[in-house]
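An overview of the molecular structure
Here's the letter readout for the chains.
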Amino acid sequence: KQEVTQIPAALSVPEGENLVLNCSFTDSAIYNLQWFRQDPGKGLTSLLLIQSSQREQTSGRLNASLDKSSGRSTLYIAASQPGDSATYLCAIRSGGYNKLIFGAGTRLAVHP
Amino acid sequence: NAGVTQTPKFQVLKTGQSMTLQCAQDMNHNSMYWYRQDPGMGLRLIYYSASEGTTDKGEVPNGYNVSRLNKREFSLRLESAAPSQTSVYFCASRQSGHTSLPYEQYFGPGTRLTVT
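These figures come from a predicted structure and were not determined experimentally. (Residues numbered from 1 in each chain as written. Chains lettered and ligands numbered in written order. Predicted model: local features only at pLDDT ≥ 70, side-chain atom pairs only at ≥ 80, totals over all residues. Heavy atoms only, no water.)

With respect to the overall build of chain A
Along the backbone of chain A there are 0 helices and 11 strands. Each helix (α) and strand (β) of chain A, taken in turn from the N terminus, gives the series β-β-β-β-β-β-β-β-β-β-β. On the principal axes, the C-alpha backbone points of chain A span a range of 40 × 30 × 20 Å. Counting over 112 residues, chain A shows a buried share of 44%. Put simply, 54% of the contacts in chain A that link residues at least 6 apart link residues at least 24 apart. When the accessible surface of chain A is summed, it comes to about 5,100 Å², and 48% of that surface belongs to carbon and sulfur atoms. (Helix = DSSP H or I, 4+ residues; strand = E, 2+ residues; numbered from the N terminus. Buried < 20%, exposed > 50% of the residue type's maximum accessible area, 1.4 Å probe, protein only. Contact = heavy atoms within 4.5 Å. Areas by Shrake-Rupley, 256 points an atom, 1.4 Å probe, with all protein chains shown as cover.)

This is the structure in structure tokens:
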């Protein structure tokens with residue numbers, strides 16, 4: 001059974017720092033991996049999607065990497081800003097019909 | 001373009017009451033999903049509908065029923081609410097076709113349900 005773990009559960013950093021969020025999964029047979037952002041009391045916003053054949057995807061200050069063989073993905077946020085404060089979730093599409101399996105998320109706080 | 005909409009935004013029920021959560025999408029997506037999110041846990045899939053006229057159980061279907069009313073709408077019903085169903089419920093939709101294509105899932109804003 002696919003399991004997704006995100007470490008750390010919470011992170012607090014000063015503005016301007018570069019930071020890395022981690023996501024690990026137990027079964028390397030995945031279709032793709034998606035990173036989401038969730039603001040308090042809101043729904044999920046898709047940030048990046050990496051296909052199983054890709055190594056990384058970039059969008060602005062965000063870079064996501066995927067290493068299937070080791071069951072790991074990282075989300076790199078460059079030059080963090082207070083507006084980046086949110087919970088970041090990773091989700092794996094693995095087996096079944098288009099079903100996503102989510103990690104519990106990393107709650108990020110960027111303080112001025 | 002509203003994307004995925006959900007009603008209501010908040011609801012309080014007493015144990016044993018029933019209610020239906022509504023979800024609609026205007027992106028002409030084939031697949032729709034219902035998830036629940038509990039504190040300290042990721043989202044868990046309750047039910048999904050791969051296409052109009054079909055529904056299937058997800059990871060945590062007990063205590064719920066669903067209806068895919070048409071291509072746009074996918075409702076979730078709690079027949080006899082229990083405190084364990086206190087959660088935030090998210091609806092999502094996705095275009096579908098060839099399974100290797102990486103179509104993203106788009107999420108609604110959520111319904112916050114409390115069962116007392």
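Some details on the sheet that holds strand S7 (residues 62-67) of chain A
Residues and elements named next belong to chain A. With antiparallel pairing, 5 strands are arranged side by side in an open sheet as S1-S3-S8-S7-S6. Edge positions in the sheet fall to strand S1 (4-7) and strand S6 (56-59), since each has one partner strand and no second. This sheet shows a mean twist of 15° between the axes of neighbouring strands, independent of strand direction. Bridge analysis of S6 against S7 gives 4 bridges, and the strand direction is antiparallel. The residue bridging Gln57 from the neighbouring strand is Ala64, located in S7. (Pairing = 2+ DSSP bridges. Axes fitted to C-alpha atoms, helices over the stretch in contact; angles between N-to-C directions.)

Things to note about the sheet that holds strand S8 (residues 74-78) of chain B
All names here are of chain B. Pairing is antiparallel across the open sheet formed by 4 strands, whose spatial order is S1-S3-S8-S7. Pairing within the sheet leaves two strands with one partner each, and these edge strands are strand S1 (4-7) and strand S7 (64-68). The mean inter-strand angle of the sheet, taken between neighbouring strand axes irrespective of direction, is 20°. Sheet topology note: the strand S3 (residues 19-25)/S8 ladder contains 3 bridges and is antiparallel. Across the sheet, the residue bridging to Leu21 is Leu76, located in S8.

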